[in-house]
Amino acid sequence: MSDNLMRCSFCGKVRDEVEHLIAGPGVFICNECVGLCDQLLAGKPMPKFPPLDGKSDDELLADMARINSSHSQVEAAVQDRVLRLRSRSVTWARIGEALGISRQSAWERFSGEE
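Throughout this description, residue numbers start from 1 for each chain and increase along the sequence as written. Residue-level local features of this predicted model are given only where pLDDT is at least 70; pairs of side-chain atoms are given and counted only at 80 or more, and the full residue set underlies all totals for whole chains, interfaces and linings. Heavy atoms from the whole structure form the basis of all side-chain values; hydrogens and water molecules are not counted.

Q: What is the right way to look at the nonpolar core in this model?
A: Nonpolar side chains tend toward joint burial in soluble globular proteins. Put simply, a nonpolar core is a bunch of buried Ala, Val, Leu, Ile, Met, Phe, Trp, Tyr and Cys residues held in one set by side-chain atoms that sit within 4.5 Å of each other. Here's how the labels work: a residue is buried when its accessible area is under 20% of the maximum for its type, exposed when over 50%, partly exposed in between, all with a 1.4 Å probe on protein chains only. In this structure, Met6, Cys8, Val18, Leu21, Phe28, Ile29, Cys30 and Cys33 together form the largest nonpolar core, which totals 8 residues. Helix numbers and strand numbers start at the N terminus; a helix is a DSSP run of H or I with at least 4 residues, a strand a run of E with at least 2. Of the residues forming this core, the biggest block, 3 residues, is contributed by strand E2 (residues 28–30). Look past the residues within four positions of Cys8 in its chain and what remains in contact with it is Lys13, Leu21, Phe28, Ile29, Cys30, Cys33 and Ser70. One finds Val82, Trp92, Ile95 and Ala106 within the second-largest nonpolar core, a separate group that totals 6 residues. Residue contacts are counted whenever heavy atoms from the two residues lie within 4.5 Å of one another.

Q: Is there a simple way to think about the side chain of Asp63 in this case?
A: When you line up the elements, Asp63 lands in helix H2 (residues 57–87). On the accessibility criterion, Asp63 (14% relative accessible area) is buried. In terms of polar contacts, Asp63 uses its side chain to reach the side chain of Lys55, at 2.5 Å. Here a polar contact is recorded for every N or O atom pair within 3.5 Å, except that within protein the pair must consist of a potential hydrogen donor and a potential acceptor, and residues adjacent in sequence are included only if both atoms are side-chain atoms.

Q: Looking at this structure, how should I read the layout of surface pockets?
A: In this approach a probe as big as a water molecule rolls over the atoms, and the regions it shows empty are the leftover space. Only protein atoms enter the 1 Å grid used here, on which a cavity is any set of points holding a 1.4 Å probe that cannot leave and a pocket is any open set flanked by protein within 12 Å on both sides along at least five of seven lines; residues with an atom within 4 Å of a point are listed as lining. Grid points are joined across faces, edges and corners, and a volume is the space filled by probe spheres set on the points. Looking at the largest pocket, its volume works out to about 510 Å³. The wall of the largest pocket is formed by 19 residues, among which Phe10, Cys11, Gly12, Phe49 and Arg66 lie closest to the centre. When residues in the lining of the largest pocket are grouped by element, the largest group, 5 residues, is from H2. Tallied by class, the residues present in the lining of the largest pocket amount to 10 nonpolar, 3 polar and 6 charged. Of all the secondary-structure elements, those providing two or more residues to the lining of the second largest pocket are H2 and helix H3 (92–99). Each residue gets one label: Ala, Val, Leu, Ile, Met, Phe, Trp, Tyr, Cys and Pro are nonpolar, Asp, Glu, Lys and Arg are charged, and the others, such as Gly, are polar. Tallied by class, residues from the lining of the second largest pocket come to 7 nonpolar, no polar and 2 charged.

Shape is all these values report; function is a separate question.
Here's what the structure looks like:
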């Protein structure tokens, strides 16, 4: 994954918009979101998120794009795990069960076959 596509899986900010971006297994978190987590764990009041109804169409479209990018990162990580499991001969039934979907749905989603 190129650096310009890496973004926080929580707030959606790209790597260039934050001081630090910490990688996890298929997800990322920025220093700003870690700071919010620290506040929460310390029992400090959390800032209120602005209501969605107060956002403009452009702001909602930008939010949607950021959320979708985070989703794409997670989807790529899940696909990687499926490929690794299949290379170990783990059945579609076990993969589907772990994902809460049927064997058939897992095969359709990840096999690449039509």
